[in-house]
Amino acid sequence: MRNASTMTAALLGTLLLSTATVSAADIKIGFLPGVVDPFYQVMQLGVEAAAKDLGVEVVTQVPPTWGVEAQTPILDALVARGDLNYIITAPTDKDQMVAPLQAALDAGIKIITVDTFLGDGDYANGPIKFPISYIGSDNVEGGRISARGLAKAIGGKGTVYINSTNPNVSSVEGREQGFAEVMKNEFPDIKVLGPDYNLDDQNKAAQQTGAVIEQNPDLAGVFGTNVFSAGGAGNAVVNAGLGGHVQVVAYDATAEAIELMGKGVVSLVLAQKPFDMGYMAVQFAVADAAGVTSLPRRVETGFAIIDKDNVADPEYARFIYKVGN
Ligand code: T6T
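Residues numbered from 1 in each chain as written. Predicted model: local features only at pLDDT ≥ 70, side-chain atom pairs only at ≥ 80, totals over all residues. Heavy atoms only, no water.

Under an unreviewed UniProt entry, the protein has the name Periplasmic binding protein domain-containing protein and belongs to Devosia insulae DS-56. According to its UniProt record, the protein has this under Subcellular location (unreviewed entry): "Cell envelope". (UniProt positions renumbered as here; feature names shortened; annotations may be inferred.)

Shown next, in the form of structure tokens:
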């Protein structure tokens, strides 16, 4: 049994460790987004801008495909490096990524989640509490906005279809939920089909939407819940020659979605703010290392809602995802 003096020494050591602060120059951050796409490319720009501004080193690894199978080994390799203090990540499954990220924490790496969250996302009161913060969109609200936009575009009645990516991903799940909730409560004359899951494959999204169009000649609208879903849905509508007849609401402001808006295929684009998510996540890591203890456990970054009337306005156009030149 430990005597009183060893107990006191151990306690003092713990206290000293927990209050020790580290400057930006001494920390290294891993950035592990969900997949290669324009949304995460813009987020990476935010991460890199903050890293430069704050003088901190970042190691970025991007999974080539979406999912736990692709993300976990990359995470494990980041942990195995042994030189990272923080990992900023978008978990590709709200339950299955808990154990691998807990293992990172157990190895001494603190976790900040961006865009997607673990568990129910309530790190203050929910079942998963270990990430420092969730920084991202309020995706349930984004789904509600999408539903009202699509309902307006189709005149409040008809059949609409949801094309999404994968189940159990907090972001798209929230969007589907908010969309379905508004359609049920506010638009009794709109019937909702789907969701189908395209596994982040735009061609698959186009095939699925094409099949729904064929089976439902009266289809009035489609909600594409992310880059790949909306891009595929838009292409299917164009291929069927139904631009302007089947309205598409696109989550994510890619150049492609904006182009489809110009052609009258997409009626509304929800731009998220991935640059902000990446920039703030690095700021949070640096603040945490410096000893800041009151960082918010959830930060909602908001949207820009883009339609044909405001798309040319720089105040809105600045949120279109721009990567490269
Ligand atoms: O819509 C974004 C992101 O918010 C979502 O979690 C996954 O898909 C995207 O990266 C777009 O492809």
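Undergrad: Sorry if this is basic, but what is going on with the overall build of the protein here?
TA: When you go through the protein residue by residue, the secondary structure sums to 11 helices and 12 strands. Against the globule reference of 20 Å for 325 residues, the protein gives a C-alpha radius of gyration of 22 Å, in line with a compact fold. Across its three principal directions, the C-alpha atoms of the protein cover 80 × 45 × 30 Å. Relative to its 325 residues, the protein shows a buried fraction of 53%. Restricting the contact set of the protein to residue pairs at least 6 apart, pairs at least 24 apart contribute 73%. (Helix = DSSP H or I, 4+ residues; strand = E, 2+ residues; numbered from the N terminus. Rg over C-alpha atoms; globule rule 2.2 N^0.38 Å. Buried < 20%, exposed > 50% of the residue type's maximum accessible area, 1.4 Å probe, protein only. Contact = heavy atoms within 4.5 Å.)

Undergrad: Help me out: how do you make sense of the site of the ligand in this one?
TA: Close to the ligand lie 13 residues, the nearest being Asp37, Asp115, Ser171, Arg175 and Asp252. Asp37 has a polar side-chain atom sitting 2.5 Å from an oxygen atom of the ligand. A distance of 2.7 Å separates an oxygen atom of the ligand from a polar side-chain atom of Arg175. Bound to the protein, the ligand loses 99% of the 310 Å² it would expose on its own. (Near = heavy atom within 4 Å. Polar contact = N/O pair within 3.5 Å; in protein donor to acceptor, adjacent residues only side chain to side chain. Areas by Shrake-Rupley, 256 points an atom, 1.4 Å probe, with all protein chains shown as cover.)

Undergrad: Would you explain the layout of surface pockets in this entry?
TA: If a probe as big as a water molecule is rolled over the atoms, it shows which places are left empty. The volume enclosed by the second largest pocket comes to roughly 260 Å³. Forming the walls of the second largest pocket are 13 residues, and the residues nearest its centre are Ala153, Ser267, Leu268, Asp307 and Lys308. Among the elements of the structure, helix H5 (139-153) and strand E10 (266-271) are those that each provide at least two residues to the lining of the second largest pocket. Ranked by residue count, the leading element in the lining of the second largest pocket is H5, at 4 residues. Residue composition of the lining of the second largest pocket, grouped by class: 4 nonpolar, 4 polar and 5 charged. (1 Å grid on protein atoms, 1.4 Å probe; cavity = no way out; pocket = protein on both sides within 12 Å on 5 of 7 lines; lining within 4 Å. Points joined across faces, edges and corners; volume = space filled by probe spheres on them. Nonpolar A, V, L, I, M, F, W, Y, C, P; charged D, E, K, R; others polar.)

Undergrad: Before we go on, may I ask you to explain the sheet that holds strand E3 (residues 86-89) in this structure?
TA: Sheets are built from strands paired through backbone hydrogen bonds, the pairs being either parallel or antiparallel. The strand order E2-E1-E3-E4-E5-E11 describes an open sheet built from 6 strands, whose pairing is parallel. Single-partner strands in this sheet number two, and they are strand E2 (57-60) and strand E11 (298-300). Direction aside, the axes of adjacent strands within the sheet are offset by 20° on average. Here E3 pairs with strand E4 (residues 110-114) via 4 bridges, running parallel. Its bridge partner lying in E4, Thr89 is registered against Thr113. (Pairing = 2+ DSSP bridges. Axes fitted to C-alpha atoms, helices over the stretch in contact; angles between N-to-C directions.)

Undergrad: Explain a nonpolar patch on the surface here, please?
TA: Together, Leu45, Phe275 and Val323 make up an exposed nonpolar region whose accessible area comes to about 220 Å². As for its position among the elements, Val323 is in the segment after helix H11 (314-317). (Patch = residues over 30% accessible without salt bridge, like charges linked within 9 Å, V, L, I, M, F, W, Y side chains within 5 Å. Salt bridge = Lys/Arg side-chain N within 4 Å of Asp/Glu carboxyl O.)

Undergrad: Help me out: how do you make sense of the packing of aromatic side chains in this one?
TA: What characterises a pair of aromatic rings is the spacing of the ring centres plus the angle enclosed by the ring planes. In this structure the tally under the stated criterion is 8 aromatic pairs. Relative to Tyr40, the ring of Phe39 lies with its centre 4.9 Å away and its plane at 75°, an arrangement referred to as edge-to-face. Judged by relative accessible area, which is 3%, Tyr40 ranks as buried. Taken together, the ring pairs connect Phe39, Tyr40, Trp66 and Tyr321 into an aromatic cluster. (Phe/Tyr/Trp six-rings, centres within 6.5 Å; stacked < 30°, edge-to-face > 60°.)

Undergrad: How should I be thinking about the sheet that holds strand E9 (residues 247-251) in this particular structure?
TA: Read across the sheet, 6 strands follow the order E7-E6-E8-E9-E10-E12 without closing on themselves; strand pairing throughout is mixed. Lying at the two open borders of the sheet, with one neighbouring strand each, are strand E7 (190-197) and strand E12 (304-306). Geometrically, the sheet is characterised by an average inter-axis angle of 15° between neighbouring strands, direction not taken into account. Pairing analysis gives 4 bridges linking strand E8 (residues 219-224) to E9, with the strands arranged parallel. Note that in E9 the partner of Gly221 across the bridge is Gln247. Where helix H7 (residues 202-215) meets the sheet, it contacts strand E6 (158-164), E7 and E8, and its direction lies at approximately 160° from that of E6.

Undergrad: Please explain helix H10 (residues 274-289) as it appears in this structure.
TA: In an α-helix, one turn spans 3.6 residues, which is why side chains three or four residues apart end up on the same side. Taking 1.5 Å of rise per residue, the 16 residues of H10 would be expected to cover 22 Å, and the 23 Å separating its terminal C-alpha atoms lies within 8% of that figure. For H10, a buried count of 12 out of 16 residues is recorded, marking the element as mostly surrounded by other parts of the structure. The secondary structure elements touched by the buried residues of H10 are strand E1 (28-32), helix H2 (38-54), E3, E4, strand E5 (134-136) and E11. Once H10 ends, the next one or two residues include Gly291, with phi positive near 105°. (Expected span 1.5 Å × (residues − 1).)

Undergrad: Any chance you could explain the UniProt feature "domain: Periplasmic binding protein" (unreviewed entry) in the protein here in plain terms?
TA: Feature annotation in UniProt places "domain: Periplasmic binding protein" (unreviewed entry) on residues 33-289, given in this structure's numbering. Split by type, residues 33-289 is 48% helix and 19% strand. Its first and last C-alpha atoms lie 22 Å apart.

Undergrad: Explanation requested: the environment of Val292 in the structure shown.
TA: Examined against the element boundaries, Val292 turns out to sit in the loop between H10 and E11. Residues Val292 and Leu268, spaced 24 residues apart in sequence, show a C-alpha to C-alpha distance of 40 Å.

Undergrad: Whenever I open this one, the domain arrangement of the protein confuses me. Can you help?
TA: Accessible area lost upon the coming together of the parts serves often as the stated size of an interface. Once the domains are mapped, the protein shows domain 1 (2-137 + 273-302) and domain 2 (139-271). Taken together, both faces of the contact between domain 1 and domain 2 bury some 1,100 Å²; the carbon and sulfur share is 51%. It is Trp66, Lys94 and Ser137 in domain 1 that bury the most area against domain 2; as a group they hold 39% of the surface buried on that side. Our count for the domain 1 to domain 2 interface comes out at 1 salt bridge. In this structure, the salt-bridge partner of Glu173 is Lys94, at a minimum N-O distance of 2.7 Å. Remark: the boundary between domain 1 and domain 2 carries 6 residue pairs in polar contact (both at pLDDT 80 or more). (Domains from an automatic or database assignment. Buried area = accessible area lost by both parts, 1.4 Å probe.)

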